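As a plain string of letters, each chain reads:
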Amino acid sequence: MTEVADQFTEEQAGKVARISHWIDGARVEGASGRSGPVYNPALGVQTGEVDFASVEEVDAAVQAAKRAFESWRSFSLSRRTELFFRIRELVHEHAEDIARLLTLEHGKVLSDAKGEVARGLEVIEFCCGIPELLKGGYSEQASTGIDVYSIRQPLGVVAGITPFNFPAMVPMWMWAPAIACGNTFVLKPSEKDPSASVYTAELLKEAGLPDGVFNAVHGDKIAVDAVLQHPEIAAVSFVGSTPIARYVYETATAHGKRVQALGGAKNHMIVLPDADIDMAADAAVSAGYGSAGERCMAVSMLVAVGHAGDDLVAAIQERLPRVKVGDGMDPDSEMGPMVTREHRDKVASYIERGREEGAKVVTDGRESAPDGGGFFLGVTLLDEVTPEMDVYKDEIFGPVLGITRVDTYEEAVRLVNENPYGNGVALFTRDGGVARQFQFDVKAGMVGVNVPIPVPVAYYSFGGWKSSLFGDLHIYGPEGIQFYTRGKVVTSRWPDPATSKVDLGFPQTR
């Protein structure tokens, strides 16, 4: 795997690396004449130029996947399992290489990037059990001499469109179950940090995955629309903002595709008066500012109930000066830069907007951002936020944590349930009865009790409710297997020919 080492060297030398597509088992340079810049966010300098696919190039990837499908779906479950164990070992072996690519192009600190790869690897490990996951049912003697059994079969060519904030993990959440189920895959990764997808493709080829089973095409809306409208693509998985998730769902379903489109979030963390305030403050800082807040499961709103508010604000404020913001390759850094200058500026604009709307700026991240050309923004804490403010309503997607105060548990739950998003929510309390009632009451897809970021383990499924999900099925886990397959029921009889006769009556089971 010399390519990743070469890219590190080129970046260190100040050169701009070309990032190409991966089609039919090989790197393919773009021919559209269109491309986009890739930056090292910590330095604020361009380090790559990624090819943007034309409609014809997307079609080339789809046709490669289509050619590979019949052979791949015929691979026995034992062979697929053996291959997935090899994939698991190679991803594990090269986890730091992948993580370095994430840090260099996304900006997240290296330890966080390693954690991302580890969570993606868990889904690959889950897929190593594909023979068990695809087991059907069998009913002997359903009627006299008749047996009935069910099987699940792959869909064909499927596609994934993935966000900038998890350039390795979210694609793994898609391609691993899709391919394990016998489908072939076309990935359209984020054009902001695309290198991890091509590096992963090389690992898959090294593991022995047949050419055409995994493909990656880069690009912007032209490539996205080509995926959504392509007649040979049977299903599309998407993770991103709610407006785009809605667009993906409506466009792809209008073109006859199965779709799971995961949208945005405004994740609340409710802190009750009986909670351990120090534990809640630690959790809020970790979940609000980790990965510079560029997580769809980041806590962005704290709801302090009763007298918890003042103590919670003081405890968080005490911790913020110790959060070290810097280059993600620096082992002392705890939070890196934003992914682009434009996104940094948009997030920073919410600080002043919050002040204008009446929020109290406890800590202003613009004042603590490191000097230099990087896309940095320090940690921001806003108190006295109310539901009509933009800083409450909008998914800011940055290191801006808001606090709203309510008098009762019921008011806190109402805030969560009336919010248009329903991705994740957390409750901090010492009362088991209240916690149990909370998980019953709250309208969100993922719930944490004294856990601020309740991302499910790989053998459960990830996804929200309301405007955080368009489609019926969540991603990875059991629902991921269901999404990438379709059921078939077989009714069979092997009768004695001597008993055969014409019978025009309705089939009977007794």
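The structure we're discussing is the one just above.
Below you will find a few notes about this structure.

A few words now on the packing of aromatic side chains. Inspection of every chain in the model, using the stated rule, returns 12 aromatic pairs. Residues W173 and F462 carry aromatic rings whose centres are separated by 4.9 Å and whose planes lie at 45° to one another, so their mutual orientation is tilted. On the criterion of sequence distance, the pair formed by W173 in helix α7 (residues 169–180) and F462 in the loop between β20 (446–449) and β21 (465–466) is long-range, its members being 289 residues apart. Take W173 and F462: they sit in the same class, and that class is buried. Members of the aromatic cluster, each reached through a chain of ring pairs, are W173, F462 and Y476. Against the face of F75 rests R79, its NZ or CZ located 3.8 Å from the ring centre. Note that R353 overlies the ring of Y350, its terminal NZ or CZ placed 4.3 Å from the centroid.

What follows is about the pairing of strand β19 (residues 424–428). Counted residue by residue, β19 has five buried out of five residues, so it is predominantly covered. Going residue by residue along β19, you find G424, A426 and F428 tucked away on one face and V425 and L427 tucked away on the opposite face as well. Direction of pairing for strand β13 (residues 267–271) relative to β19: parallel, over a ladder of four bridges. Looking at the pairing, M269 lines up with A426 of β19.

Under the criterion given, the structure shown has 31 salt bridges. Among the ionic pairs, E82 bridges to R86, the shortest N-O distance being 3.7 Å. In this pair, E82 and R86 both sit in helix α3 (residues 77–93), four residues apart, roughly one turn of the helix. Note that R355 and D364 form a salt bridge whose closest N and O atoms lie 3.6 Å from each other. Through salt bridges that share partners, E352, R355, D364 and R366 make up one connected network.

Right, let's get into empty space enclosed by the protein. The tally for this structure, following the rule as stated, stands at five cavities of 30 Å³ or more. Considering only enclosed or pocket space, the largest cavity measures out at about 110 Å³ in volume. Looking at the lining of the largest cavity residue by residue, the class counts come to seven nonpolar, five polar and three charged. Taken as a whole, the second largest cavity spans an internal volume of roughly 60 Å³.

Nonpolar side chains collect at one region of the surface, where V457, Y459 and Y460 lie side by side and expose about 340 Å² of accessible area between them. According to the relative accessible area criterion, V457 is partly exposed, its value standing at 34%.

Here the focus is the environment of A53. As for its placement among the helices and strands, A53 is situated in the loop between β5 (45–51) and α2 (55–73). Under the relative-accessibility criterion, A53 is labelled buried at 0%. Along the chain, A53 and A280 lie 227 residues apart, while their C-alpha atoms are 46 Å from each other. Once residues within four sequence positions are removed from consideration, A53 is found in contact with H21, S32, R34, V58, V217, H218, G219, I222 and A223.

Attention now goes to the pairing of strand β17 (residues 400–406). Counting buried positions along β17 gives six out of seven residues, so the element sits mostly inside the fold. Bridge count between strand β14 (residues 299–305) and β17: five bridges; the pairing is parallel. Within β17, the position partnered with L302 by the bridge is I403. Pairing between strand β16 (residues 380–383) and β17: three bridges, direction parallel. Its bridge partner being in β17, L382 is matched across the sheet by G402.

Criteria and cut-off values
- Residues numbered from 1 in each chain as written.
- Predicted model: local features only at pLDDT ≥ 70, side-chain atom pairs only at ≥ 80, totals over all residues.
- Heavy atoms only, no water.
- Phe/Tyr/Trp six-rings, centres within 6.5 Å; stacked < 30°, edge-to-face > 60°.
- Helix = DSSP H or I, 4+ residues; strand = E, 2+ residues; numbered from the N terminus.
- Buried < 20%, exposed > 50% of the residue type's maximum accessible area, 1.4 Å probe, protein only.
- Lys NZ or Arg CZ within 6 Å of the ring centre and 35° of its normal.
- Pairing = 2+ DSSP bridges.
- Salt bridge = Lys/Arg side-chain N within 4 Å of Asp/Glu carboxyl O.
- 1 Å grid on protein atoms, 1.4 Å probe; cavity = no way out; pocket = protein on both sides within 12 Å on 5 of 7 lines; lining within 4 Å.
- Points joined across faces, edges and corners; volume = space filled by probe spheres on them.
- Nonpolar A, V, L, I, M, F, W, Y, C, P; charged D, E, K, R; others polar.
- Patch = residues over 30% accessible without salt bridge, like charges linked within 9 Å, V, L, I, M, F, W, Y side chains within 5 Å.
- Areas by Shrake-Rupley, 256 points an atom, 1.4 Å probe, with all protein chains shown as cover.
- Contact = heavy atoms within 4.5 Å.

So far we have only geometry, and geometry alone does not tell us how the molecule works.
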